[in-house]
Amino acid sequence: MTIRTRFAPSPTGYLHVGGARTALFSWLFARKHGGAFVLRIEDTDLERSTAESVNAILEGMTWLGLEYDEGPFYQTKRFDRYNQVIDELLANGLAYRCDCSRDRLEQLRDEAMKNKQKPRYDGHCRNHTIDPNAPHVVRFRNPDQGSVVFDDLVRGRIEIANDELDDLIIRRSDGSPTYNLSVVVDDSDMEITHVIRGDDHINNTPRQINILKAMGKEIPRYGHLPMILGDDGARLSKRHGAVSVMQYMEDGFLPEALLNYLVRLGWSHGDQEIFSVDEMIQLFEIEDVNKGASSFNTEKLLWLNQHYIKESDPLHIAHLLSPHMGRLDIDPTTGPDLVEVVKAQQERAQTLVEMAEISAFFYKDFQEFDDNAAKKNLRPVAREPLEVMREALAGLDEWTAEALHQLVQDVADKLEVKMGKVAQPLRVAVVGRAASPGIDVTLHLVGREACLRRIDKALEYISLREQSA
Ligand code: GLU
């Protein structure tokens, strides 16, 4: 049997982390078994579905590298097929038309509530003959007896008595098929063998199984993934911070870090935390998915992001960093090689946004010195070391990190001070702040011209300070 899984988002917003986790687990399961991963856009809710949302979902999946083998299939293009199935069910007596008024249905609901029962349709129209041209809905004739049993890949055996399920509407009065019907037709036509989805759909599964049985189709295996909670224990939502996958991209996260984070949301392999995509494919077992909900933890995601920033090929990071530099109005081709900048900063940033911010000075002069750093380091005592350094830098033959390192050392020796007494004012002069990579690498990447210009500015700052003292 060829394993076939699917991801079936409703395009009513961006791709959120919960959806991405569902997509990842379905994708991993297909990849692990050499199967196919199908993308299906469930856009039957015409009022809430948008083309922008479809694009946002595709963009999010592409960014995460969750490539699909088939699709995207759009449900709105398959209405004829759904109606064909509904007509067949009608013809076989497995579905029926219903013209119960809204009032009657409301009355049923009120009575059920009063008796503390689950509201359910009473099958009133099961044996009525209703004119197909008069307004009506179509209901599925749910079996009365027995129960639906399925062996959930995550939750284990689940059994629901048929008398708990009512005759659900499969075609609305406007002629459009409903969610449960279209999902079932699609899963069957697309030969999906494993339905892996969020556990918010677990109540739909017995109904879907009954429709599949009525159609005489095979029943796929189902695996329902536990919820993702925010740090306060409530279902993860916008108020917990970023939930859109592309927001994480904008906030400077690496796709591999987010994937690694998502795979651990509800799944584990011993106490291993770091998984490359190949390892995930190799080690992922749907049976190892937790039954209980998992909590989203931004600190851990940051930790993983920092890990991947540190460990990845600098060229790869440079490629991902470039748009973040662009957002700061920096064109990285107009300054030092971005790969060298990444090498210098790899240990120093948790996100690419942060890396861009602390690397801007390599490409453009900063507006102002950081107040504290300047107060502490650009004092009158720093004038001499800066002046001597300026002259030495202007005359240096070879502008290499090694030569620059030696030069700072030589100047410190000459002035009979510790190296820090020279390097720190110099750093604040050139970087604007008290923190940067090693002074030699920093000077090297900033370049001679900008170094001299910025030292002049620092000397001016010291003069102003002296005057106002
Ligand atoms: N379209 C549904 C959703 O976005 C998923 C349906 C399914 O996976 O069966 O929640």
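Residues numbered from 1 in each chain as written. Predicted model: local features only at pLDDT ≥ 70, side-chain atom pairs only at ≥ 80, totals over all residues. Heavy atoms only, no water.

1. Observations concerning the pattern of salt bridges
Part 1 of the reasoning: On inspection of all chains with the given rule, the structure shows 30 salt bridges.
Part 2 of the reasoning: Among the ionic pairs, arginine 6 bridges to aspartate 187, the shortest N-O distance being 3.0 Å. On the criterion of sequence distance, the pair formed by arginine 6 in strand 1 (residues 4-7) and aspartate 187 in helix 5 (residues 179-189) is long-range, its members being 181 residues apart.
Part 3 of the reasoning: For arginine 6, a relative accessible area of 4% gives the class buried.
Part 4 of the reasoning: A salt bridge links arginine 157 to glutamate 159, with the nearest nitrogen and oxygen atoms 3.1 Å apart.
Part 5 of the reasoning: Judged by relative accessible area, which is 43%, glutamate 159 ranks as partly exposed.
Part 6 of the reasoning: Ionic contacts of the salt-bridge type, sharing partners, join the residues Arg6, Arg40, Glu42, Arg78, Arg81, Asp186, Asp187 and Asp189 into one network. (Salt bridge = Lys/Arg side-chain N within 4 Å of Asp/Glu carboxyl O. Helix = DSSP H or I, 4+ residues; strand = E, 2+ residues; numbered from the N terminus. Buried < 20%, exposed > 50% of the residue type's maximum accessible area, 1.4 Å probe, protein only.)

2. Some details on the site of the ligand
Part 1 of the reasoning: Around the ligand sit Arg6, Ala8, Pro9, Ser10, Glu42, Tyr179, Arg197 and His201, and those are all the residues in its vicinity.
Part 2 of the reasoning: The contact in question runs from a nitrogen atom of the ligand to an N or O atom on the backbone of alanine 8, over 2.7 Å.
Part 3 of the reasoning: With respect to the ligand, the side chain of histidine 201 contributes an N or O atom lying 2.9 Å from an oxygen atom.
Part 4 of the reasoning: At a threshold of 2 Å from the grid points, most atoms of the ligand map onto the largest pocket.
Part 5 of the reasoning: The residue makeup of the shell around the ligand, split by class, is three nonpolar, two polar and three charged. (Near = heavy atom within 4 Å. Polar contact = N/O pair within 3.5 Å; in protein donor to acceptor, adjacent residues only side chain to side chain. 1 Å grid on protein atoms, 1.4 Å probe; cavity = no way out; pocket = protein on both sides within 12 Å on 5 of 7 lines; lining within 4 Å. Sits in = over half its atoms within 2 Å of the grid points. Nonpolar A, V, L, I, M, F, W, Y, C, P; charged D, E, K, R; others polar.)

3. Considerations on unusual backbone geometry
Part 1 of the reasoning: Here the residue pair glycine 71 and proline 72 is connected by a cis peptide bond, since its omega of 0° sits within 30 degrees of zero.
Part 2 of the reasoning: Looking at the element boundaries, proline 72 is found in strand 3 (residues 70-74).
Part 3 of the reasoning: Positive phi values are uncommon outside glycine, yet lysine 116 reaches one of about 55°.
Part 4 of the reasoning: Mapped onto the secondary structure, lysine 116 falls in the loop between helix 4 (102-114) and strand 5 (137-140).
Part 5 of the reasoning: In this structure, aspartate 329 takes a positive phi of about 65° despite not being glycine.

4. Comments concerning the pairing of strand 1
A regular strand carries its side chains on alternate faces of the sheet.
Part 1 of the reasoning: Side-chain alternation along strand 1 places Arg4 and Arg6 on one buried face and Thr5 and Phe7 on a second face that is also buried.
Part 2 of the reasoning: In this region the chain leaves strand 1, passes through helix 1 (residues 17-32) and returns to the parallel neighbour strand 2 (residues 36-41); the handedness of that crossover is right-handed. (Right-handed = clockwise from strand over helix to strand, strands pointing away.)

5. Some remarks on the pairing of strand 6 (residues 147-152)
Part 1 of the reasoning: Burial along strand 6 is one-sided: Val148, Phe150 and Asp152 are buried, and none of Ser147, Val149 and Asp151, which face the opposite way, are.
Part 2 of the reasoning: Sheet topology places strand 6 next to strand 7 (residues 156-161); six bridges connect them, and they run antiparallel. Of the residues in strand 7, the one forming a bridge with valine 149 is glutamate 159.
Part 3 of the reasoning: Hairpin connection between strand 6 and strand 7: a loop of three residues separates the two successive antiparallel strands. (Pairing = 2+ DSSP bridges.)

6. Description of the layout of surface pockets
Part 1 of the reasoning: Here the largest pocket is characterised by a volume of approximately 870 Å³.
Part 2 of the reasoning: What lines the largest pocket is a set of 35 residues, among which His16, Gly18, Gly19, Thr22 and Asp200 lie closest to the centre.
Part 3 of the reasoning: Listing elements by their share of the lining of the largest pocket, those giving two or more residues are strand 1, helix 1, helix 5 and strand 9 (194-198).
Part 4 of the reasoning: Per element, the largest residue contribution to the lining of the largest pocket is five residues, and it comes from helix 1.
Part 5 of the reasoning: For the lining of the largest pocket, the residue count by class is 16 nonpolar, 10 polar and nine charged. (Points joined across faces, edges and corners; volume = space filled by probe spheres on them.)

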